[in-house]
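Residue-level structure breakdown
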Amino acid sequence: MNLLCRGRLKLLAASLTAIVLLTWLYLLAGNLENGRSLLLTPCLADTPAAQVLERAVLESRVREVEEENRQIRLQLSQSQGMAGQAADGNYGNQQWGASADTGPEDGDNTAEEKNNHTGCPRSPTVQKCELIHVACVCAGHNASRDVVTLVKSVLFHRRNPLHFHFITDTVANRILSSLFQSWMVPSVQVSFYDADELKSEVSWIPNKHYSGIYGLMKLTLTKALPSDLSKVIVLDTDITFATDIAELWGIFRKFTDKQVIGLVENQSDWYLGNLWKNHKPWPALGRGFNTGVILLYLERLRRIGWEQMWRLTAERELMSMLSTSLADQDIFNAFIKQNPVLVHQLPCFWNVQLSDHTRSEQCYTEVSDLKVIHWNSPKKLRVKNKHVEFFRNLYLTFLEYDGNLLRRELFGCPTQASPESVKLQKALEELDEDDQCYDFRRERLTVHRVHLYFLQYDYTPTEDNTDITLVAQLSMDRLQMLEAICKHWEGPISLALYMSDAEAQQFLRYAQASEVLKNRKNVGYHIVYKEGQFYPVNLVRNVALKNANTPYVFLTDVDFLPMYGLYDYLRKSVVQMDMAHTKKALVVPAFETLRYRLSFPKSKAELLSMLDMGTLYTFRYHVWPKGHAPTNYAKWRTATTPYKVEWEPDFEPYVVVRRECPEYDQRFVGFGWNKVSHIMELDAQVNVLMYTII
């Protein structure tokens, strides 16, 4: 680097000498007013007008050359000063070889930080269309929900193509693969890696941290990620970006030849060992480093034998420490303690750690200083910090941000469109905008984002293979029905909710505050995000139907409350009607009331009494009797066993069928005919025999 700078100094000096000589020649020619001007203007006549023109041209040129001289002198003086620093050997951290760069600007570096840079001008930080790789370990329903906010914050600021690498368990894989497939963000690639295949690599390490075994899996990334991937940014799921991730990616170019890991110093006193009496943390260099944001130079790590090195470090320290307290972070720090030359210290604004009793407030003086916010306290948004309200609002902004707005193209960065995108674009081009039904035809081509299992879900199949899932769809104005349905139906439920991003967060808060809902783990909540002007009712129904996990489904609407005990009654009916071996549908009679408050009937006899008194009616009797007339309510009143009913036009009952039944026709949007078409297909395509239960 020294030789390069000195070579450039010689070139600048030679250029300066040549330009000064050229300037002198111009000035000499300009002073020859009465002499021959053929030296510079051989084609001009020796006239006063020609002399005036010649003088004006020369004066203009002199001014240009003088400005060039000034710029070159400025560059020369700067290069001499920088070369002097390099000659004195003042670059590089004097302590242990780790540097703390401030990013592309470097305007406010300390003296020590400025010594980390050479005097030669830099190449551009990140190329315009350079692909940036981001890795994240994600397991379970809650982490899958958290990672969406992280991804939103990255997509909001990004200007480069991205490739996300997710190490996931089965649950997160199902959720995130469906989400990204339906999100269809241009210039974004997603790859998934099975966390179960990596468990054996770290399961031998006792870990007290709440992240469990997944909190150790960042140690295995050199093995988990593709062998031709040279570098990657590794992030925790509780990260929020406040800047373009390309700035962080550009810091890889500042690594010395030996550095393989980029980390921010830990901002709590954990590794100082003074938090409480007899506090004994794992060994660390100074305050240690936080692993919520990591730059991993995978190619170099593989070359130095990272897998063997971290294992030896962990085995050695576990002999005395017995277990890790902060999962992978303890092992990373113990490794760095032994190999300090391998770490590149990042400025602390690349990981502002919002846990209790940290030094995070020293990482920023203004909002513009913030780069990455890390909610690394178990308290998350309830953490104590002077500016926590600002940080919380920033996080909530991305939490509720409309993800559809992030489907923007990166202009100037051509990417290979997915087959789904090509097919969709072709279908859109074939639409006729003058068609009276254009809006409806356009709506059915809309691809809605889908977030499956938005809340914790846990279902254990029954041994008798007769289980039934209640399937329904709803929007924000029907949330109040959820608690009542859960009280009336103790079996599994699959609900698809049509909501905006902001409404989905309101639902989350509602569910977490409800004693009834938060104690039910066999309810699958699937968010279909709003887009377009119509309500895609059958699309939403299909999301709920396809994610039922039982052999049978009860297709109903969220406005209906099942009678107490209906779940067990229907399971017995499935066996009685031999539905496992025959094509049958059980029609569940529907009733309605015009009263806001009603004592729910506990038996058929009580229900018949209420019908006779006029407090209950057969469903839509006054509005659309054809919809449920084939149920034959007159026969139902006296029936003691299930009886067969025939399909008729406009019949739209609520039925129990096998889960493999035909899906709803998604061309139907808004109100009307959506269930009618489904029952018609059940009768015509599958030839289902319908029986009304009693």
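All of these numbers come straight from a predicted model, not from anything done at the bench.

The subject of this paragraph is the confidence of the model for the chain. When the pLDDT values of the chain are averaged, the result is 83; 80% of them are 70 or greater. Per-residue pLDDT stays below 50 along residues 76-97; that stretch engages in 31 contacts with residues further than four places along the chain or on separate chains. Here residues 102-124 scores under 50 on pLDDT; set against residues more than four positions off or in separate chains, the count is 40 contacts.

We now examine the packing of helix α10 (residues 306-321) against helix α11 (residues 328-338). It is at 9 Å that the axes of α10 and α11 come closest, and there the two elements cross at 100 degrees. In terms of orientation, α10 lies roughly perpendicular with respect to α11. Residues Trp306, Met309, Trp310, Thr313, Ala314, Arg316 and Glu317 of α10 pack against Ile331, Phe332, Ala334, Phe335 and Gln338 of α11. Split into classes, the residues belonging to the contact of α10 with α11 amount to eight nonpolar, two polar and two charged.

Another aspect to go through is the sheet that holds strand β9 (residues 352-353). Reading across from one edge, β5-β10-β9 is the order of the three strands in this open sheet, with mixed pairing throughout. On the outer flanks of this sheet lie β5 (239-241) and β9, each paired with one strand and no other. Across two bridges, the pairing between β9 and strand β10 (residues 372-374) is parallel. Bridging across to β10, Val352 finds its partner in Ile373.

For the rest of this paragraph, the subject is the pairing of strand β20 (residues 654-658). The buried count for β20 comes to four of five residues, which makes it a mostly enclosed element. Strand direction decides the pairing type here: strand β15 (residues 552-555) and β20, joined by four bridges, are antiparallel. Its bridge partner lying in β20, Tyr552 is registered against Arg658. As judged from the three bridges shared by strand β16 (residues 584-588) and β20, these two strands associate in the antiparallel manner. In the sheet register, Val587 faces β20, and the bridge partner there is Val655.

Here the focus is the pairing of strand β8 (residues 343-346). The two faces of β8 match: Val343 and Gln345 on one face and His344 and Leu346 on the other face are all buried. Across four bridges, the pairing between strand β6 (residues 261-265) and β8 is parallel. From the neighbouring strand, Gly262 faces β8, where its bridge partner is His344.

Quick look at the sheet that holds strand β4 (residues 232-235) now. Taken in spatial order, the seven strands of this open sheet run β3-β2-β1-β4-β7-β6-β8, and their pairing is mixed. Only two strands of the sheet have a single partner each, and these edge strands are β3 (188-194) and β8. Taken pair by pair, the neighbouring strands of this sheet meet at an average axis angle of 25 degrees, ignoring direction. When strand β1 (residues 132-138) meets strand β2 (residues 162-168), the two strands line up parallel, connected through seven bridges. Counted as the bridge partner of Ala135 is His165 from β2.

Within the secondary structure, Gln473 is located in strand β12 (residues 468-475). Taking the C-alpha atoms as reference points, Gln473 and Ala544, 71 residues apart in sequence, are found 7.0 Å from one another. Apart from the residues within four sequence positions on either side, Gln473 is in contact with Ala496, Tyr535, Val537, Val540, Arg541 and Val558.

For the coordinates displayed, the defined rule picks out 29 aromatic pairs. Taking 5.8 Å as the distance between ring centres and 65 degrees as the angle between the ring planes, the aromatic pair formed by Phe390 and Phe391 counts as edge-to-face. Using a relative accessible area of 35% as the deciding quantity, one classes Phe390 as partly exposed. The class for Phe391 is buried, based on a relative accessible area of 1%. Through successive ring pairs, a cluster of aromatic residues spans Phe164, Phe166, Phe180, Trp183 and Phe192.

Further remarks concern the state of the cysteines. Inspection of every chain in the model, using the stated rule, returns two disulfides. In this model, Cys129 is linked to Cys413 through a disulfide, with the two sulfur atoms separated by 2.1 Å. What sets the handedness of the Cys129 and Cys413 disulfide is the S-S torsion sign, and at about -90 degrees it is left-handed. Residue Cys129 is located in the loop between α3 (111-114) and β1, and its partner Cys413 is located in the loop between α12 (388-399) and α13 (419-429); the two are separated by 284 residues in the primary sequence. Judged by relative accessible area, which is 6%, Cys413 ranks as buried. A sulfur-sulfur distance of 2.3 Å marks the disulfide that ties Cys348 to Cys363.

What follows concerns the pattern of salt bridges. Under the defined criterion, the tally for this structure stands at 30 salt bridges. Residues Arg509 and Glu400 are paired through a salt bridge, measuring 3.8 Å at the closest nitrogen-oxygen approach. Taken as a pair, Arg509 in helix α16 (residues 501-513) and Glu400 in the loop between α12 and α13 lie far apart in primary sequence, 109 residues in all. Look at Glu400 and you get partly exposed, because its relative accessible area is 31%. The closest approach of N and O atoms between Glu652 and Lys675, which form a salt bridge, is 3.9 Å. Of this pair, Glu652 sits in the loop between β19 (643-645) and β20 while Lys675 is found in helix α22 (residues 674-685), placing the two residues 23 residues apart along the sequence. Each of Arg541, Asp557, Arg620, Glu652 and Lys675 takes part in a single network of salt bridges with overlapping partners.

Moving on: empty space enclosed by the protein. Evaluation of the coordinates by the stated rule reveals five cavities of 30 Å³ or more. Each pocket or cavity is described by its volume, and for the largest cavity that value is around 80 Å³. Taken together, Arg145, Val148, Thr149, Lys152, Leu399, His451, Phe454, Asp501, Ala504, Gln505 and Tyr529 make up the lining of the largest cavity. Those elements giving two or more residues to the lining of the largest cavity turn out to be α4 (140-157) and α16. When residues in the lining of the largest cavity are grouped by element, the largest group, four residues, is from α4. Structurally, the lining of the largest cavity is a two-domain feature, drawing no fewer than three residues from each of domain 1 (132-406) and domain 2 (450-692).

Moving on to the environment of Pro601. Tracing the sequence through the fold places Pro601 in the loop between β17 (591-592) and α20 (604-613). Sequence separation between Pro601 and Leu616 is 15 residues, and the spatial gap between their C-alpha atoms is 10.0 Å. Residues contacting Pro601, with those up to four places away along its chain left out, are Glu606, Leu607, Met610 and Leu616.

The rules behind these values
Residues numbered from 1 in each chain as written. Predicted model: local features only at pLDDT ≥ 70, side-chain atom pairs only at ≥ 80, totals over all residues. Heavy atoms only, no water. pLDDT = per-residue confidence, 0-100. Contact = heavy atoms within 4.5 Å. Axes fitted to C-alpha atoms, helices over the stretch in contact; angles between N-to-C directions. Helix = DSSP H or I, 4+ residues; strand = E, 2+ residues; numbered from the N terminus. Parallel < 35°, antiparallel > 145°, perpendicular 65-115°, else oblique. Nonpolar A, V, L, I, M, F, W, Y, C, P; charged D, E, K, R; others polar. Pairing = 2+ DSSP bridges. Buried < 20%, exposed > 50% of the residue type's maximum accessible area, 1.4 Å probe, protein only. Phe/Tyr/Trp six-rings, centres within 6.5 Å; stacked < 30°, edge-to-face > 60°. Disulfide = S-S within 2.5 Å. Salt bridge = Lys/Arg side-chain N within 4 Å of Asp/Glu carboxyl O. 1 Å grid on protein atoms, 1.4 Å probe; cavity = no way out; pocket = protein on both sides within 12 Å on 5 of 7 lines; lining within 4 Å. Points joined across faces, edges and corners; volume = space filled by probe spheres on them. Domains from an automatic or database assignment.

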